[in-house]
Amino acid sequence: MIEINNVSKWYGQFQVLTDCSTQITKGDVVVVCGPSGSGKSTLIKCVNGLEAFQQGNIVVNGTSVGDPKTNLPKLRSRVGMVFQHFELFPHMSITENLVIGQTKVLGRSKEEAQERGLKLLDRVGLKSQADKFPGQLSGGQQQRVAIARALAMDPICMLFDEPTSALDPEMINEVLDVMVELANEGMTMMVVTHEMGFARKVADRVIFMDHGHIVEDATKEEFFGTPRSERAQQFLSKILSH
Amino acid sequence: MSFFAQFDLSVIGPSLPFIWTGLLFTVKLTVIAMTGGIILGTLLALARLSPITPLAMAATWYVNLMRSIPLLMVILWFFLIIPLLTGKPMGAENSAIITFTLFEAAYYSEIMRAGIQSVPRGQVWAGQAIGMTYAQTMGHIILPQAFRNMLPVLLTQTIILFQDTSLVYAIGAKDLLKAAEIAGKNYNRPVEMYVFVAFVYFVICFALSRLVKHLQSRIAIIR
Amino acid sequence: MNYHWNWGIFLEQVKAGEETYLDWLITGFGWTLAVALTAWVMALLCGGIIGTLRTAPQRGLAFFATCWVELFRNIPLLVQMFLWFFVVPELLPRELSLWIKQDMPAKEFVTAVLCLGLFTSARVAEQVRAGVQSLPNGQRMAGLAIGFTLPQTYRYVILPMAFRIIIPPLTSEFMNIFKNSSVAFAIGVLELTFQARQMQEDSEQGIETYLAVTVLYFICAFVANRGMAFIEKRSRVPGFIATSK
């Protein structure tokens with residue numbers, strides 16, 4: 001489903017990604033973790049071409065992301081993404097947020113899009129908020145809407161970029177619950193997160209990044225059992241100690 | 001005080017229809033220059049922010065050039081140069097409309113640029129992530145927010161524009177000020193007319209600036 | 001484009017007189033500088049006072065300052081020029097009025113400076129107010145706590161910081177005042193725009209004339225900008241984050 005081959009990226013002189021490679025097969029849930037500044041957010045943004053990379057290639061569902069001939073909007077419409085800061089469109093109601101991509105990008109009729117949007121809103125437990133604006137919702141609610149917005153496009157896989165790190169602790173679980181449910185339904189997911197509980201519960205594999213390198217790429221059992229690298233061990237001990 | 005004894009407001013009444021036509025031109029000039037200026041200005045702002053370097057440079061040059069010359073000189077420039085380029089004379093009114101639209105575009109573009117940059121980067125990502133093209137992301141996501149955030153500033157600029165239209169005096173276009181001046185000469189009452197026209201400008205601009213304040217507080221609540 | 005270029009025009013003599021067109025432009029440049037710089041000093045003084053008063057706890061003073069700002073901000077500069085030139089002398093006692101109309105030296109210049117200075121003072125006042133209000137309230141309290149009176153607190157604590165903060169917007173006001181000084185042509189000040197119009201009519205070499213004048217305005221804007229940048233650099237407070245370019 002997603003193939004990342006020897007990807008490197010620079011910001012000017014500064015190298016943010018070095019020779020990153022991994023594969024995600026259909027139905028897999030892969031958690032990407034690592035200290036801040038390790039390049040994990042950059043890597044996930046490369047997958048749907050929000051960030052450009054200078055070397056290597058990424059193939060999503062048979063389409064090469066870095067190829068200039070690729071129709072990126074079309075590719076992105078099939079890859080759902082959820083952001084750290086939700087990024088709902090603040091000038092539109094919740095329903096409009098769910099509808100706009102379906103009508104403008106997928107060309108669905110307004111009625112069809114609204115029906116689909118409301119169904120998904122119901123699924124994330126927010127049907128009653130349909131006519132509100134993003135600014136009137138809590139962070140956890142906004143993030144659930146953002147997930148619904150991504151799902152409304154009927155994505156073949158989902159990317160999550162630190163979906164819970166901007167949330168208050170008591171709201172983290174309501175978002176994670178939705179994500180666990182998605183994972184159990186067999187959605188292909190790439191998730192950048194520090195929530196190791198989530199990783200333990202649903203991840204098939206865990207990738208650990210540091211200084212732009214993929215240091216560890218292992219099954220969940222291997223990773224939580226005995227991580228090979230010292231950096232990963234340190235990171236885990238820091239994160240799991242509290 | 002000799003002044004108040006001589007102050008004769010009765011001349012204002014009969015000259016009102018004449019002054020009204022001047023005010024209409026001032027308003028027309030303001031509205032056209034505002035609409036055209038915001039549209040052109042938005043395009044200029046997009047050009048300045050575009051990754052195509054020559055386009056960005058050209059837009060930057062245009063904006064900086066317009067902003068460093070006095071409006072009066074720009075008015076004189078266009079009045080001189082449009083007939084030279086087209087080969088036929090152009091009336092002061094039409095020349096003023098073209099000049100103000102092109103001149104204000106530079107100022108509006110700076111506002112729109114700030115507005116676009118005030119929208120968080122993540123919004124662009126979010127638009128692109130659901131498969132929108134550049135044009136769709138701009139049109140549906142970024143520009144509506146930029147426009148809404150900048151509405152008070154755009155209106156404040158429009159109040160300045162409304163006042164600046166009085167400078168068409170330099171090329172003899174018949175706006176509110178010019179009409180009042182002519183009326184003042186006809187009745188030999190220039191002093192009253194200048195006071196009256198200042199009063200009209202003040203009332204309109206003050207009312208508009210109150211409106212902007214009100215808008216600002218409402219937008220603050222929405223955010 | 002059918003235009004007869006003549007770059008030598010600047011050294012030619014004007015139609016009715018001994019001087020060259022270059023002399024006209026130099027005179028114009030001199031008056032532009034004189035009007036703009038004098039008015040700027042006045043705008044800074046008045047604007048500083050009015051802006052401070054707008055933040056004063058005394059309702060009456062603040063109201064007076066607000067009226068000042070609204071009055072000068074909501075009437076076009078050109079109309080204000082005419083008001084000062086044609087209307088204000090009529091409001092004065094007869095003898096004074098007569099003296100102004102007939103004997104006052106450099107009447108146009110004085111009027112233009114007064115008008116432009118007061119017009120700009122309203123805009124400077126708004127910046128000063130914004131600067132004062134952007135400072136944390138603790139600064140004012142700290143000043144009062146060590147025994148300053150309120151005016152002393154303003155003088156030694158609040159205004160020195162406020163003025164540093166507002167240097168960027170003041171820079172653009174300073175650049176504006178050169179541009180706005182062009183409006184003084186309407187009451188007959190022999191500044192650049194006046195000379196440009198006169199030379200254009202007299203020589204019929206409009207493009208060369210306007211190009212030269214535009215370049216001179218450019219120079220004003222550029223020097224004003226660099227000058228303020230220098231002041232900003234010299235007055236920077238260590239450890240205080242101010243954005244500067």
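Everything here concerns the structure above.
Let me sum up the structure you'll find in this document. (Residues numbered from 1 in each chain as written. Chains lettered and ligands numbered in written order. Predicted model: local features only at pLDDT ≥ 70, side-chain atom pairs only at ≥ 80, totals over all residues. Heavy atoms only, no water.)

**Here's the deal with the overall build of chain B**
Within chain B, the secondary structure is distributed over nine helices and zero strands. For chain B, the succession of helices and strands along the chain, N to C, is α-α-α-α-α-α-α-α-α. Along the three orthogonal principal directions, the C-alpha set of chain B runs to about 70 × 50 × 25 Å. Pairs at least 24 residues apart make up 77% of the contacts formed inside chain B by residues separated by at least 6 positions. Here chain B has roughly 9900 Å² of accessible surface; of this, 71% comes from carbon and sulfur atoms. Put simply, chain B has 15 plus and 8 minus side-chain charges, and the middle of one group is 13 Å from the middle of the other. (Helix = DSSP H or I, 4+ residues; strand = E, 2+ residues; numbered from the N terminus. Contact = heavy atoms within 4.5 Å. Areas by Shrake-Rupley, 256 points an atom, 1.4 Å probe, with all protein chains shown as cover. Lys, Arg positive; Asp, Glu negative; His and termini not counted. Charge placed at Lys NZ, Arg CZ, Asp CG, Glu CD.)

**What to know about the overall build of chain A**
In terms of helices and strands, chain A carries nine helices and ten strands. Over its C-alpha trace chain A gives a radius of gyration of 18 Å, about what one expects of a compact globule, namely 18 Å for 242 residues. C-alpha atoms of chain A, sized along the principal axes, occupy 55 × 45 × 30 Å. Looking at chain A as a whole, 57% of its 242 residues qualify as buried. Summing over all exposed atoms, chain A offers an accessible surface of approximately 10500 Å²; the carbon and sulfur share of this is 47%. Put simply, chain A has 25 plus and 29 minus side-chain charges, and the middle of one group is 4 Å from the middle of the other. (Rg over C-alpha atoms; globule rule 2.2 N^0.38 Å. Buried < 20%, exposed > 50% of the residue type's maximum accessible area, 1.4 Å probe, protein only.)

**Some remarks on the environment of B:Glu192**
Residue placement: B:Glu192 occurs in helix α9 (residues 190-222). Placed 121 residues apart in sequence, B:Glu192 and B:Leu71 show a C-alpha to C-alpha distance of 28 Å.

**A word on helix α5 (residues 139-151) of chain A**
For α5(A), which comprises 13 residues, the first-to-last C-alpha distance of 18 Å matches the rise-based estimate of 18 Å (1.5 Å per residue) to within 8%. By the burial criterion, the buried members of α5(A) are A:Gly139, A:Gly140, A:Gln142, A:Gln143, A:Arg144, A:Val145, A:Ala146, A:Ile147, A:Ala148, A:Arg149, A:Ala150 and A:Leu151. Where α5(A) is buried, its residues contact β6 (79-82), α3 (94-104), α4 (110-123), β7 (157-161) and α6 (169-184) of chain A together with α6 (121-129) of chain B. (Expected span 1.5 Å × (residues − 1).)

**Some points on the packing of helix α5 (residues 107-134) of chain C against helix α7 (residues 150-165) of chain C**
Residue and element names in this part refer to chain C. With their axes 8 Å apart at the nearest point, α5 and α7 run at an angle of 110° to one another. Put simply, α5 runs roughly perpendicular to α7. In terms of crossing hand, the pair formed by α5 and α7 is right-handed. For the pair formed by α5 and α7, the contact residues are Val128, Gly131, Val132 and Ser134 on the first element and Tyr154, Ile158, Leu159, Ala162, Phe163 and Ile165 on the second. For the contact of α5 with α7, the class distribution of residues is eight nonpolar, two polar and no charged. (Axes fitted to C-alpha atoms, helices over the stretch in contact; angles between N-to-C directions. Parallel < 35°, antiparallel > 145°, perpendicular 65-115°, else oblique. Left-handed = near helix turned anticlockwise from the far one by under 90°. Nonpolar A, V, L, I, M, F, W, Y, C, P; charged D, E, K, R; others polar.)

**Section: the interface of chain A and chain B**
With 22 residues of chain A at the interface, the matching set in chain B holds 17 residues. When chain A packs against chain B, close to 1700 Å² is buried across both sides, 66% of that on carbon and sulfur atoms. Our count for the contact surface shared by chain A and chain B stands at zero salt bridges. Here chain A is connected to chain B by four residue pairs in polar contact (both at pLDDT 80 or more). Of the residues that constitute the side of chain A that touches chain B, the class distribution is twelve nonpolar, four polar and six charged. (Buried area = accessible area lost by both parts, 1.4 Å probe. Salt bridge = Lys/Arg side-chain N within 4 Å of Asp/Glu carboxyl O. Polar contact = N/O pair within 3.5 Å; in protein donor to acceptor, adjacent residues only side chain to side chain.)

**Let's talk about the packing of aromatic side chains**
The final tally for this structure, using the stated rule, is 18 aromatic pairs over all chains. On the basis of an interplanar angle of 85° and a centroid distance of 5.4 Å, the ring pair of A:Phe223 and A:Phe224 is categorised as edge-to-face. Pair check on accessibility: A:Phe223 and A:Phe224 agree, each one buried. Both rings, one in B:Tyr194 and one in C:Phe86, keep their centres 5.3 Å apart while their planes meet at 5°; by these two values the pair is stacked. Residue B:Tyr194 is found in helix α9, and its partner C:Phe86 is found in helix α3 (residues 77-91); the two belong to separate chains. With relative accessibility at 34%, the residue C:Phe86 sits in the partly exposed group. Taken together, the ring pairs in this structure connect B:Tyr169, B:Tyr194, C:Phe82, C:Phe85 and C:Phe86 into an aromatic cluster. (Phe/Tyr/Trp six-rings, centres within 6.5 Å; stacked < 30°, edge-to-face > 60°.)

**Focus on a nonpolar patch on the surface**
Taken together, the side chains of B:Leu65, C:Val215, C:Phe218, C:Ile219, C:Phe222 and C:Val223 define a hydrophobic patch exposed on the protein surface, amounting to about 520 Å² of accessible area. No other element matches helix α10 (residues 206-234) of chain C, which puts five residues into the nonpolar patch. The topology assignment puts B:Leu65 in helix α3 (residues 53-68). (Patch = residues over 30% accessible without salt bridge, like charges linked within 9 Å, V, L, I, M, F, W, Y side chains within 5 Å.)

**Regarding the nonpolar core**
One broad rule of soluble globular proteins: the nonpolar side chains tend to lie buried together. Among the nonpolar cores identified, the biggest contains 167 residues, and A:Met190 and B:Leu177 are the most heavily contacted of them. If one sorts the elements of this core by residue count, helix α5 (residues 92-118) of chain B sits on top with twelve residues. With near-sequence residues (within four places) excluded, A:Met190 lies in contact with A:Ile4, A:Ile24, A:Val30, A:Val32, A:Leu43, A:Ile44, A:Val47, A:Met158, A:Leu159 and A:Phe160. Residues A:Val82, A:Leu98, A:Ala130 and A:Met171 belong to the second largest nonpolar core, which totals 50 residues. (Core = buried A, V, L, I, M, F, W, Y, C linked by side-chain atoms within 4.5 Å.)

**Here's the deal with the environment of B:Ile32**
All names here are of chain B. Along the chain, Ile32 falls in helix α2 (residues 12-49). You can call Ile32 partly exposed: its relative accessible area is 34%. As for Ile32 and Phe100, which are separated by 68 residues in sequence, their C-alpha atoms are 8.7 Å apart.

**Some words on the sheet that holds strand β5 (residues 63-64) of chain A**
Residues and elements named next belong to chain A. The antiparallel open sheet is built from four strands, whose spatial order is β2-β1-β4-β5. Pairing within the sheet leaves two strands with one partner each, and these edge strands are β2 (14-24) and β5. Across two bridges, strand β4 (residues 55-60) lies against β5 in antiparallel orientation. The partner of Val60 across the bridge, within β5, is Thr63. (Pairing = 2+ DSSP bridges.)

**Some thoughts on the interface of chain B and chain C**
How big an interface is tends to be reported as the loss of accessible area on association of its parts. Listed per partner, the contact involves 35 residues of chain B and 36 residues of chain C. Of the roughly 3300 Å² buried at the junction of chain B and chain C (both faces included), carbon and sulfur atoms supply 75%. The three residues of chain B that bury the most area against chain C are B:Met73, B:Trp77 and B:Tyr194, which together make up 16% of that side's buried surface. Our count for the contact surface shared by chain B and chain C stands at one salt bridge.

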